[in-house]
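# Observations on the three-dimensional arrangement
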Amino acid sequence: MKPLLAAPVETPDLEQATRSAEELDVPWQVVVHNDPVNLMTYVTMVFQKVFGFTREKAEKHMLEVHQLGRSILWSGMRERAELYVQQLHGYLLLATLERAA
Amino acid sequence: MEIERAGTHLKISELDPFLAELLRQIPESANPSGSEAAEQRLFSAPADASEKELCTEWKVYVEPELRRLFQSATERVAADLEQLNGNGKPFANCTLRIPLANAEAWLSALNQARLVIASKYNFSDAELCDHYRSPMGSRRDLSLFQVNFYGFLQECILREIAP
């Protein structure tokens with residue numbers, strides 16, 4: 001039978017652990033960037049499908065991308081933001097994940 | 001060329017041999033191999049380069065999935081395009097029926113092809129808005145026509161699948 005405490009347990013680096021937790025709490029943004037090739041109607045359809053937006057809201061974001069070069073589509077936890085960016089890349093949109101300022 | 005909805009299909013009739021050939025070229029045109037610019041556009045970075053860990057993990061875990069997704073779409077489109085390889089007269093107009101169940105695959109393949117061609121030729125915004133340029137001038141003009149024709153088809157498909 002193995003002894004329960006065979007070797008000393010390494011002390012975790014508390015400072016490092018705290019920093020990681022803070023990083024996880026920082027909200028992340030899903031940003032879509034302008035692309036002259038993707039059609040406006042196509043981009044609107046993708047926003048409706050991925051985020052469940054109404055047509056009006058999807059068009060508002062699409063026009064923001066078109067006129068301002070980018071639009072923040074969603075903000076929140078990193079894991080979900082990554083999933084959204086993955087879906088948007090699946091539709092071939094130029095999307096990135098950014099830490100909220 | 002005429003496009004109409006026919007039950008569970010999108011019917012493209014009166015396709016002349018030139019447009020039919022452009023359709024046949026969708027799967028090949030969607031392939032980014034050999035063009036760094038096209039590869040970078042289809043598989044763009046998920047974040048700023050300073051997010052090294054995220055970008056590296058993305059390359060390893062997400063990019064292969066996206067490749068499979070894109071390939072699956074072009075394969076479905078290639079299967080639909082088999083209709084154009086029938087035994088009809090060589091220069092006769094033909095008809096293509098796209099099942100609406102494949103509409104998303106078509107949208108994806110057409111988009112892949114447009115992005116790959118546009119990346120290879122580095123078209124300017126002004127060129128992309130020039131819908132009246134003849135395809136007969138040069139290879140570049142033909143490719144621009146191809147991008148616009150595929151865009152027109154995307155618009156038609158979007159109109160048909162809109163709720």
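### Points about the overall build of chain A
In terms of regular secondary structure, chain A is built from four helices and three strands. Sequence-ordered secondary structure for chain A, helices as α and strands as β, is α-β-α-α-β-α-β. Here chain A holds 101 residues, and 39% of them are scored as buried. For chain A, restricting intrachain contacts to residue pairs at least 6 apart in sequence, the fraction spanning at least 24 positions comes to 69%. For chain A, the computed accessible surface area is about 6400 Å², with 58% contributed by carbon and sulfur atoms.

### What to know about the pattern of salt bridges
Here the structure, examined in full by the defined rule, presents 13 salt bridges over all chains. Residue Glu-104 of chain B pairs with Lys-49 of chain A through a salt bridge whose shortest N-O separation is 2.4 Å. Of the two residues, Glu-104 of chain B is situated in helix H5 (residues 103-121) and Lys-49 of chain A in helix H2 (residues 40-51); the pairing between them involves two chains. Taking relative accessible area as the criterion, Lys-49 of chain A reaches 45% and is therefore assigned partly exposed. Taking the shortest distance from any N to any O, the salt bridge between Glu-39 of chain B and Arg-67 of chain B comes out at 2.9 Å. Separated by 28 residues along the polypeptide, Glu-39 of chain B in helix H3 (residues 36-42) and Arg-67 of chain B in helix H4 (residues 52-81) bring together distant segments of the chain. Accessibility expressed as a relative area gives 22% for Glu-39 of chain B, which makes it partly exposed. By sharing partners, the salt bridges in this structure join Glu-39, Lys-59, Glu-63 and Arg-67 of chain B into a single network.

### What to know about the sheet that holds strand E2 (residues 9-15) of chain B
All names here are of chain B. Strand order in the open sheet formed by three strands is E1-E2-E3, with antiparallel pairing between adjacent strands. In this open sheet, the two strands that pair with only one neighbour each are strand E1 (2-6) and strand E3 (94-99). The sheet shows a mean angle of 20° between the axes of neighbouring strands, direction not considered. In the sheet, E1 pairs with E2 via five bridges, with the strands oriented antiparallel. When the sheet's bridge partners are listed, Ile-3 is paired in E2 with Ile-12.

### Notes on the packing of H2 of chain A against helix H3 (residues 55-68) of chain A
All names here are of chain A. For the pair H2 and H3, interaxial distance at closest approach is 8 Å and the crossing angle is 125°. Considered as vectors, H2 and H3 are oriented oblique to each other. Here the hand of the crossing between H2 and H3 comes out right-handed. Here Met-40, Val-43, Thr-44, Phe-47 and Gln-48 of H2 come into contact with H3, specifically with Arg-55, Ala-58, Glu-59, His-61, Met-62, Leu-63, Val-65 and His-66. Among the residues forming the contact of H2 with H3, the class breakdown is seven nonpolar, four polar and two charged.

Basis of the calculations
Residues numbered from 1 in each chain as written. Chains lettered and ligands numbered in written order. Predicted model: local features only at pLDDT ≥ 70, side-chain atom pairs only at ≥ 80, totals over all residues. Heavy atoms only, no water. Helix = DSSP H or I, 4+ residues; strand = E, 2+ residues; numbered from the N terminus. Buried < 20%, exposed > 50% of the residue type's maximum accessible area, 1.4 Å probe, protein only. Contact = heavy atoms within 4.5 Å. Areas by Shrake-Rupley, 256 points an atom, 1.4 Å probe, with all protein chains shown as cover. Salt bridge = Lys/Arg side-chain N within 4 Å of Asp/Glu carboxyl O. Pairing = 2+ DSSP bridges. Axes fitted to C-alpha atoms, helices over the stretch in contact; angles between N-to-C directions. Parallel < 35°, antiparallel > 145°, perpendicular 65-115°, else oblique. Left-handed = near helix turned anticlockwise from the far one by under 90°. Nonpolar A, V, L, I, M, F, W, Y, C, P; charged D, E, K, R; others polar.

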